Each structure stands twice: as structure tokens, then as C-alpha cells.
Amino acid sequence: MNRVTQNLVLTLLGCAVLRISAFSTTYLNYVKPGFRPFLIGAGAVLVVLGLIGLFQATRARATAAKEAAYEHPREHDRPAESEHGPGNSDGDTGGDGHDHAHGGPRVAWLLCLPVFAIFLIAPPALGSFAASRDDTPPPRDRTLGSFTPLPGTGAVEMTVGDFIGRAWDDDKKSLTGREVKLTGFVSPSKKKGQWYVTRMQIACCAADAFPLKVAVRGLQAPPADTWVEVTGTWIPQTFGKMTTGVIYPQLTGKSLTRVEAPDEQYE
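Thresholds applied
- Residues numbered from 1 in each chain as written.
- Predicted model: local features only at pLDDT ≥ 70, side-chain atom pairs only at ≥ 80, totals over all residues.
- Heavy atoms only, no water.
- Salt bridge = Lys/Arg side-chain N within 4 Å of Asp/Glu carboxyl O.
- Helix = DSSP H or I, 4+ residues; strand = E, 2+ residues; numbered from the N terminus.
- Buried < 20%, exposed > 50% of the residue type's maximum accessible area, 1.4 Å probe, protein only.
- pLDDT = per-residue confidence, 0-100.
- Contact = heavy atoms within 4.5 Å.
- Pairing = 2+ DSSP bridges.
- Expected span 1.5 Å × (residues − 1).
- Patch = residues over 30% accessible without salt bridge, like charges linked within 9 Å, V, L, I, M, F, W, Y side chains within 5 Å.
- Areas by Shrake-Rupley, 256 points an atom, 1.4 Å probe, with all protein chains shown as cover.
- Phe/Tyr/Trp six-rings, centres within 6.5 Å; stacked < 30°, edge-to-face > 60°.
- Core = buried A, V, L, I, M, F, W, Y, C linked by side-chain atoms within 4.5 Å.

**Concerning the pattern of salt bridges**
Right, on to step 1. Applying the stated rule across the entire model yields three salt bridges.
Right, on to step 2. Across the pair R166 and D162 runs a salt bridge, and its minimum N-O distance is 3.3 Å. Of this pair, R166 and D162 both sit in helix 5 (residues 160-169), separated by four residues, roughly a single helical turn.
Right, on to step 3. Among the residues examined, D162 registers a relative accessible area of 25% and is labelled partly exposed.
Right, on to step 4. In this structure, the salt-bridge partner of E179 is K254, at a minimum N-O distance of 3.1 Å. One end of the pair, E179, is in strand 2 (residues 179-188); the other, K254, is in strand 6 (residues 250-258), with 75 residues separating them in the sequence.
Right, on to step 5. Residue E179 is classed as partly exposed on the basis of its relative accessible area, which comes to 28%.
Right, on to step 6. K254 sits in the exposed class, given a relative accessible area of 51%.
Right, on to step 7. Here the salt bridges share partners, and the residues they tie into one network are D162, R166 and D170.

Structure below.
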């Protein structure tokens, strides 16, 4: 890959980063919101460096072409060819001296595919497929009594992570008898009669994501990856025999509403 191509790819990569961070919220599919200024800055630097490189490479090519034109003699000033054909008596082929191949391998253009993928088909946020393949239990806040009382008397909107924390670690059992509203995407369960309302949680980027799940009972499961708002009440759980695998808190569903996926899909 020659210098022009390298700098062109660099410029396109910078434009792709700016497209998902400065001109849309697509970057939220991959990183936390706090990374936006860094992405915008990195994209701008890549574009500037790429344009400077393109300018320098183009100017170098033009200079080289002018020098080559002055170095090569005109057609009528060239010595007559010998009877042995073009070239000198030592068997030279009389070429223009450029025996090397111009440019790089065409396969190097495949480096542009990730850039075009971001422009045309930006990968979505992690969904039910990733959630079903990861049974890592979420981190728990074991500081008992650290949860604030739930406000009002009606259904309380809360995050899936807050619900899980209160279900397992709230010594005051503030969820008992209270209706809550949880928003997330649908992921299937291997157990009959239940499915999960799920949110993925990330520390910095999608690479470290893990699922937050609440098992929903009493409502028919919508298709996987459908975003829903579920209203229901917590099912207190008691554990007798030791069980294997990850146990998720449960919710008796009372109503379900399909909603649009939020811009920030991670908790």
C-alpha cells in the first residue's frame, strides 16, 4: 500500500469515528457516554493527519514526475538504436529504468472494509445473544441498609441493576409489595414459563459487558431483543437446597408495553 492509500485510509477512519461520535449517538453502542470528547478529538486528529499526509504524498508525486520529465531525453535527441534492437551493446533492455512494481498489493485495500462497515452497517449494541451466552453474576452491593426508601405509593421506575441490588441485598426488603417498572430487552430463558427483562452493563466499553437479568413470570414472552417496559411485583425467594448456576431475581408481571430502544442501551 503506497503513501496515498495509507493516508486515504487514515482519513476515512477519522471520518468514521467522527460520524459515530460527533454527528450521532452510535458510539453509545460501544463505549460509555463519557468517552465522547475523546472519540471526537481522536477522529479530528486522524482526519488532519490523513489530509496532511495526502497533501505531502501528492506533492511528492508531482515533484517526482517533473524531475523524471527533465531527466529523460527528448525522442529526437536519443541515439540511434543498434542493429540488435533497443538498448546498448551490453544487452541493456533500454527501459525507462523503472523495474520495480508500482503501488502495493491490491489486497491491502481490504483494510478499508472496517471503515466502510462503520459507515454502512454500524454494529448494534449487545443484545439477547450476548446475554444468553454469559452467566456471570452481576456485582453486588453488600452494604446492607444503603438503599433509600422507595418514593410514593404507585409503580416505581427503576433500573434493572437497582432492582437486582434491592432484591438480594436490601435488609429492609423495600421491594416487598411494591409495583416497579423495568425497561430492557427480552432475552429467552431455558426454564418454561419465564423470560428475562435484560440490560447490559459496562465499565468502559462493550468488551467488558455483562448481563443484568430479572426473570419475568406470568406474561407471554415477546420476541427476543424486543425492548419492553414491564410492570410487576417482586417475588421473594427462599433457598433450601444448594442450586447450581446463576439465580436471577424474579418478578410477577402485570403489564407489558413495547417501547423504542433508548440511545444509551447500557446501564
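**As for the confidence of the model for the protein chain**
If pLDDT is low for a region, its predicted coordinates should not be looked at in detail.
Right, on to step 1. Mean pLDDT over the protein chain works out to 81, with 78% of the residues at or above the 70 mark.
Right, on to step 2. Here residues 89-102 is modelled with pLDDT under 50, and outside its nearest four sequence neighbours on either side it reaches six contacts, counting other chains as well.

**Quick notes on the pairing of strand 3 (residues 194-201)**
Right, on to step 1. Of all eight residues in strand 3, seven are buried, a share of seventy percent or more.
Right, on to step 2. Where strand 2 and strand 3 come together, four bridges link them in antiparallel fashion. Of the residues in strand 3, the one forming a bridge with V186 is V197.

**Here we look at helix 1 (residues 3-21)**
Right, on to step 1. Helix length check: helix 1, at 19 residues, gives a terminal C-alpha distance of 27 Å against a target of 27 Å (1.5 Å per residue), a fit within 8%.
Right, on to step 2. Every buried residue of helix 1 is listed here: T5, N7, V9, T11, G14, A16, V17, L18, I20 and S21.

**As for a nonpolar patch on the surface**
Right, on to step 1. A cluster of nonpolar side chains, L110, L113, F116, L120 and I121, forms an exposed patch at the surface whose accessible area comes to about 560 Å².
Right, on to step 2. Within the secondary structure, L120 is located in helix 3 (residues 113-120).
Right, on to step 3. When its relative accessible area of 71% is taken as the criterion, L120 is described as exposed.

**Things to note about the packing of aromatic side chains**
Right, on to step 1. Applying the stated rule across the entire model yields three aromatic pairs.
Right, on to step 2. Between F185 and W227, the aromatic rings sit 5.7 Å apart at their centres with planes inclined by 65°, giving edge-to-face as the arrangement. You can see F185 sitting in strand 2 and its partner W227 sitting in strand 5 (residues 227-235), a full 42 residues away along the chain. As far as the burial class goes, F185 and W227 line up, both buried.

**Overview of the nonpolar core**
Right, on to step 1. Membership of the largest hydrophobic core comes to 21 residues, with the highest contact counts inside it found for M158, F163, L175, L182 and V214.
Right, on to step 2. Looking at this core, the elements that each hand over two or more residues are helix 5, strand 2, strand 3, strand 4 (210-217) and strand 5.
Right, on to step 3. Leave out the neighbours within four places in its chain, and M158 touches L150, F163, R166, L175, V180, K181 and L182.
Right, on to step 4. Counting eight residues, the second-largest nonpolar core is a separate cluster that includes A125, M200, I202 and A209.

**A closer look at the pairing of strand 5**
Regular strands place their side chains on alternate faces of the sheet.
Right, on to step 1. With seven of nine residues buried, strand 5 lies mostly within the body of the structure.
Right, on to step 2. Direction of pairing for strand 2 relative to strand 5: antiparallel, over a ladder of seven bridges. Bridging from a neighbouring strand, T183 pairs with E229 of strand 5.
Right, on to step 3. Bridging between strand 5 and strand 6 involves eight bridges; their strand directions are antiparallel. Each residue of the ladder has a partner; that of V230, found in strand 6, is L256.

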